[in-house]
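Understanding the architecture of this molecule
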Amino acid sequence: MAEVVGVRFKVVGKIYYFDPNGARLKKGDYVIVETARGIECGEIAMENRDIDDEEIVKPLKSIIRQATPEDLKIVEENTEKEKRAFQICEERIRMHGLEMKLIDVEYTFDSSKILFFYTAPTRVDFRELVKDLASVFRTRIELRQIGVRDEAKMLGGIGICGRPFCCNQFLSDFQPVSIKMAKEQGLSLNPVKISGSCGRLMCCLKYEQDAYEHLARHTPKVGAIVETADGRGEVVESNLLTGVLKVILDSKREAAPQTYHCNDVKLIKNPRIKIEKEELEALKEIAESDDSI
């Protein structure tokens, strides 16, 4: 076991573990730490606690100190400098005629490095741009290409549900989302209805997936063969949430489907959920992974 605190560097960013170095820190406190990017100022998102050694990425770095009012002032100054750097970088991108979209700019706490985040349809040769920016800012410059999910997380916005983007509000990490989830939840495989503003599958498909998988294990699917009180038949409609089934009886194929509850039938054969090749091709673009490069 090891005592750690969780530090977050962005409003809805990933939480990283650090050794508190004997300090008792409260949620919301700001601390100065050393990261792979350099010296950074972060916010305590998880107070002191003991966790298993297996959960720690070693070596575990220690917190340098709790942030002082002077440190927080530097953070504010860096935020203002980021706005100016954003404008300058956009001007230089236009000057060099590069096909890229600048998304965000971040200064490290000690201003030893400036990170420029951008999106682009293809790889961009930005060597001349980096030289240009380095001559302006006189510090290390790093350009990082990100995916459309990360762009949505950074910029924020309103989703089709009318609420702010989940990724911008509380999702610290992106969870894998698949077309199969939409199929199992009985959603229309219409790209407009199952994709977010970023153009990829909606993150919220993951939220209820465990519940749908549990229900699917106890509810016959469309195409299943079941034994009812009126004889054997085929399920033509299935509602996972209510458990209500519509079954065409083998003895009355021309008659209207009969309604039963899943608890009142016996499952004989359950088909597998299949995604047709045409459906997969139509949804290939929104299903492709777009992790940061």
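Residues numbered from 1 in each chain as written. Predicted model: local features only at pLDDT ≥ 70, side-chain atom pairs only at ≥ 80, totals over all residues. Heavy atoms only, no water.

As for helix α2 (residues 127–137)
For α2, the full list of buried residues reads Leu 129, Asp 132, Leu 133 and Phe 137. Projected onto a plane normal to the axis of α2, the buried residues spread over an arc of 115° and lie on a single side. Facing away from the buried side of α2, by more than 90 degrees, are the exposed residues Arg 127 and Lys 131. Summarising the contacts, the buried residues of α2 are in contact with α1 (69–96), β6 (101–107), β7 (113–119) and β8 (140–145). The positive-phi residue at the C-terminal boundary of α2 is Arg 138, with phi of around 55°. (Buried < 20%, exposed > 50% of the residue type's maximum accessible area, 1.4 Å probe, protein only. Helix = DSSP H or I, 4+ residues; strand = E, 2+ residues; numbered from the N terminus. Arc of directions from axis to C-beta. Contact = heavy atoms within 4.5 Å.)

Brief notes about a negative patch on the surface
Taken together, the side chains of Asp 52, Asp 53, Glu 54 and Glu 55 define an acidic patch exposed on the protein surface. Mapping Glu 54 onto the fold places it in the loop between β4 (38–51) and β5 (63–66). Residue classification places Glu 54 among the exposed positions, given a relative accessible area of 71%. (Patch = residues over 30% accessible without salt bridge, like charges linked within 9 Å, V, L, I, M, F, W, Y side chains within 5 Å. Areas by Shrake-Rupley, 256 points an atom, 1.4 Å probe, with all protein chains shown as cover. Salt bridge = Lys/Arg side-chain N within 4 Å of Asp/Glu carboxyl O. Lys, Arg positive; Asp, Glu negative; His and termini not counted. Charge placed at Lys NZ, Arg CZ, Asp CG, Glu CD.)

Considerations on the pattern of salt bridges
Scanning the entire structure with this criterion turns up 16 salt bridges. In this structure, the salt-bridge partner of Arg 92 is Asp 132, at a minimum N-O distance of 3.1 Å. In this pair, Arg 92 sits in helix α1 while Asp 132 sits in helix α2, placing the two residues 40 residues apart along the sequence. When its relative accessible area of 16% is taken as the criterion, Asp 132 is described as buried. Across the salt bridge formed by Glu 184 and Lys 180, the nearest N and O atoms sit 3.9 Å from each other. With Glu 184 and Lys 180 both in helix α5 (residues 179–184), this residue pair falls four residues apart, about one helical turn. Overlapping salt bridges bring together Lys 10, Arg 37, Glu 40 and Glu 106 as one network.

Here we look at the pairing of strand β11 (residues 244–249)
With five bridges connecting them, strand β10 (residues 231–238) and β11 associate as antiparallel partners. Counterpart to Glu 234 in the pairing with β11 is Ile 248. A loop of five residues connects β10 with β11, the two strands running antiparallel in sequence, and Gly 243 in this loop sits at a positive phi of about 80°. Both β11 and strand β12 (residues 258–261) contribute to a ladder of four bridges, which runs antiparallel. The residue bridging Leu 245 from the neighbouring strand is Tyr 260, located in β12. (Pairing = 2+ DSSP bridges.)

Quick word on the sheet that holds β5
Taken in spatial order, the five strands of this open sheet run β2-β1-β4-β3-β5, and their pairing is antiparallel. With one partner strand each, in any of the chains shown, β2 (15–18) and β5 form the two edges of the open sheet. Taken pair by pair, the neighbouring strands of this sheet meet at an average axis angle of 45°, ignoring direction. Here strand β3 (residues 30–35) pairs with β5 via three bridges, running antiparallel. (Axes fitted to C-alpha atoms, helices over the stretch in contact; angles between N-to-C directions.)

Notes on unusual backbone geometry
A positive phi is found at Asn 21, a non-glycine position, where the angle reads about 60°. Mapped onto the elements, Asn 21 comes out in the loop between β2 and β3. A positive phi is found at Ser 111, a non-glycine position, where the angle reads about 60°. Position of Ser 111 relative to the elements: it lies in the loop between β6 and β7. A relative accessible area of 22% places Ser 111 in the partly exposed class.

What to know about the nonpolar core
Met 100, Ile 114, Phe 116, Leu 133, Phe 137, Ile 141 and Leu 143 are the most contacted members of the largest nonpolar core, which totals 18 residues. Broken down by secondary-structure element, the contributors of at least two residues to this core are α1, β6, β7, α2 and β8. Looking at which element gives the most residues to this core, the answer is α1, with four residues. With residues near it in sequence (within four places) discarded, Ile 114 still touches Val 105, Glu 106, Tyr 107, Phe 137, Thr 139, Arg 140, Ile 141 and Glu 142. Ile 179, Leu 201, Leu 205 and Ile 286 belong to the second-largest nonpolar core, a separate cluster that totals 11 residues. (Core = buried A, V, L, I, M, F, W, Y, C linked by side-chain atoms within 4.5 Å.)

So, the packing of aromatic side chains
The final tally for this structure, using the stated rule, is five aromatic pairs. Centre to centre, the rings of Phe 116 and Phe 137 are 6.3 Å apart; their planes meet at 45°, and the pair counts as tilted. Here Phe 137 lies in helix α2 and Phe 116 lies in strand β7, a separation of 21 residues in the sequence. Taking relative accessible area as the criterion, Phe 137 reaches 12% and is therefore assigned buried. Each residue in the set Phe 9, Tyr 16 and Phe 18 is aromatic and connected to the rest through ring pairs, giving one cluster. Positioned above the aromatic ring of Phe 117, the side-chain terminus of Lys 10 is 5.1 Å from the ring centre. (Phe/Tyr/Trp six-rings, centres within 6.5 Å; stacked < 30°, edge-to-face > 60°. Lys NZ or Arg CZ within 6 Å of the ring centre and 35° of its normal.)

The analysis is restricted to geometry; functional conclusions fall outside its scope.
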